[in-house]
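A closer look at the structure
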Amino acid sequence: MKRIGTLLLVAASMLNAGWALAEQDSRMKVVVDEFGKLVDGRGVDRYTIENSSGASIQLTNLGAVILSLKVPDKKGKLDDVVLGFDEPAPYLTDSPYFGAVVGRYANRIDEGEFSLNGNNYSLATNNDQNHLHGGNLGFDKLLWDGQVVETDLGTGVRFSTVSDDGDEGYPGQLFVAVTYVFTDDNALEINYQSSAVDDTVVNLSQHSYFNLAGQGDGSILDHTLQINADFYTPVDRTLIPTGEILSVKQTPFDFTQPKPIGRDIKAKHEQLSFGGGYDHNWVLRRSEFEGQMHLAAVLTDPGSGRKMEVLTDQPGLQFYSGNFLDGSVTGKEGVAYAYRGALALETQHYPDSPNQPHFPRTTLRGGESFTTTTIYRFSVVN
Ligand code: BGC
């Protein structure tokens, strides 16, 4: 992991390095209002950023969730391309992580067990016998502190929170900040910063469910996907990596050239049967870009012409084809979200890395920090 200094330096850099306060904002307007209340009475904020072309994003401090993302199609029509809810309460009860920041460890840890510095840790197990996306009270369920910020790229919102030593079984207190910036050219830049008091493990990701035709509009099987990865990490039947790193060549996992998602999803392949479709980590091609931003994936919807590029400095990408969506969750505007009605492209470190010594490390040492950036960039093709 990238380490950039001591905790104090980190705290200072989180306040200063290019991120100034909202009062200096002159470029883009952020409207802050109340999204609603949780059943325990706590108020939840909503932040709306509209750029000069009229495209917009809505965020909330509940789970640092992306509530909506309205971008133009090839005719200029704006549609909301992410799944979600119209009110806060279902985000705590019914949400398969719609739009949320997931952590402290995104993805799965085998039986919730790992060891660090010779100590064994048992995390909450919330996905059968495994730990998933931070446990029962993961970062997706926290009320974060929100602040409007002006950055070099544009106006954004910074959410921060503190995860205490022992939360969900994790060792060491951890400070986390996630900053979203939505630019005039329809790029959503997400910057994650975390700093540890004592040694711990960290893996943060964004869990938006995208449907580029518009949320609730059919399945994503006609979307075309390209992933810049020659290898993936196969899993066992509980979706924990086996530890192998296998070539995608001549398998349904080959997205090195753009391919409709539906083309091979029903192929007879053990890995597809374990995932119920695609639910795997791709090993991003990045040797020549180590630690730098690179194009990880390109998603296109031929019908609307919307295109989304995913850029990141992370080593892995979980492509989840919405296999557990089954029409039972009703979301925004009363839409029942259909089987494979959306997909997630989660930039991250590989699943279960704390138990896989040959995977890129996810240990964050006490007094050190980790910073990572992912961009979802929207445009149109004809
Ligand atoms: C996982 C899926 C899981 C989904 C929602 C994805 O990141 O890979 O297996 O069902 O999150 O929990």
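Residues numbered from 1 in each chain as written. Predicted model: local features only at pLDDT ≥ 70, side-chain atom pairs only at ≥ 80, totals over all residues. Heavy atoms only, no water.

As annotated in an unreviewed UniProt entry, the protein chain is Aldose 1-epimerase from Gilvimarinus xylanilyticus. According to its UniProt record, the protein chain has this under Subcellular location (unreviewed entry): "Cytoplasm". Here the protein chain is described in UniProt, under the heading Catalytic activity (unreviewed entry), as follows: "alpha-D-glucose = beta-D-glucose". (UniProt positions renumbered as here; feature names shortened; annotations may be inferred.)

**Focus: the site of the ligand**
Around the ligand lies a shell of 13 residues, among which Arg108, His133, His207, Asp279 and Glu346 are the nearest. One nitrogen or oxygen atom from the side chain of His133 is found 3.0 Å from an oxygen atom belonging to the ligand. Here Glu346 contributes a side-chain N or O atom positioned 2.8 Å from an oxygen atom of the ligand. With the chains in place, 94% of the 310 Å² that the ligand exposes on its own is no longer accessible. Looking at the shell around the ligand residue by residue, the class counts come to seven nonpolar, three polar and three charged. (Near = heavy atom within 4 Å. Polar contact = N/O pair within 3.5 Å; in protein donor to acceptor, adjacent residues only side chain to side chain. Areas by Shrake-Rupley, 256 points an atom, 1.4 Å probe, with all protein chains shown as cover. Nonpolar A, V, L, I, M, F, W, Y, C, P; charged D, E, K, R; others polar.)

**A look at the sheet that holds strand S19 (residues 229-233)**
Across the sheet, which stays open at both edges, the five strands sit in the order S20-S19-S22-S25-S26 with antiparallel pairing between neighbours. Both outer strands of the open sheet, strand S20 (246-247) and strand S26 (344-348), are each paired with one neighbouring strand and no more. Examined bridge by bridge, strand S25 (residues 316-320) and S26 share five bridges and lie antiparallel to one another. Each bridged residue has a counterpart across the sheet, and for Tyr320 the counterpart in S26 is Ala344. (Pairing = 2+ DSSP bridges. Helix = DSSP H or I, 4+ residues; strand = E, 2+ residues; numbered from the N terminus.)

**Some words on the side chain of Thr347**
Following the sequence through the fold, Thr347 ends up in strand S26. A polar side-chain atom of Thr347 sits 2.7 Å from a polar atom in the side chain of Thr374. Among all residues touching Thr347, those that are not within four sequence positions of it are Leu204, Ser205, Val310, Thr312, Gln314, Gly316, Leu317 and Thr374. (Contact = heavy atoms within 4.5 Å.)

**Comments concerning the pairing of strand S22 (residues 279-284)**
Among the six residues of S22, six are classified as buried, and the element is accordingly described as predominantly covered. Residues Asp279, Asn281 and Val283 point to one face of S22 and His280, Trp282 and Leu284 to the other, with burial holding for every one of them. Where S19 meets S22, four bridges bridge the pair, whose relative direction is antiparallel. Across the sheet, residue Tyr232 finds its bridge partner in S22, namely Trp282. Sheet topology places S22 next to S25; five bridges connect them, and they run antiparallel. If you follow Asp279 over to S25, its bridge partner there is Tyr320. (Buried < 20%, exposed > 50% of the residue type's maximum accessible area, 1.4 Å probe, protein only.)

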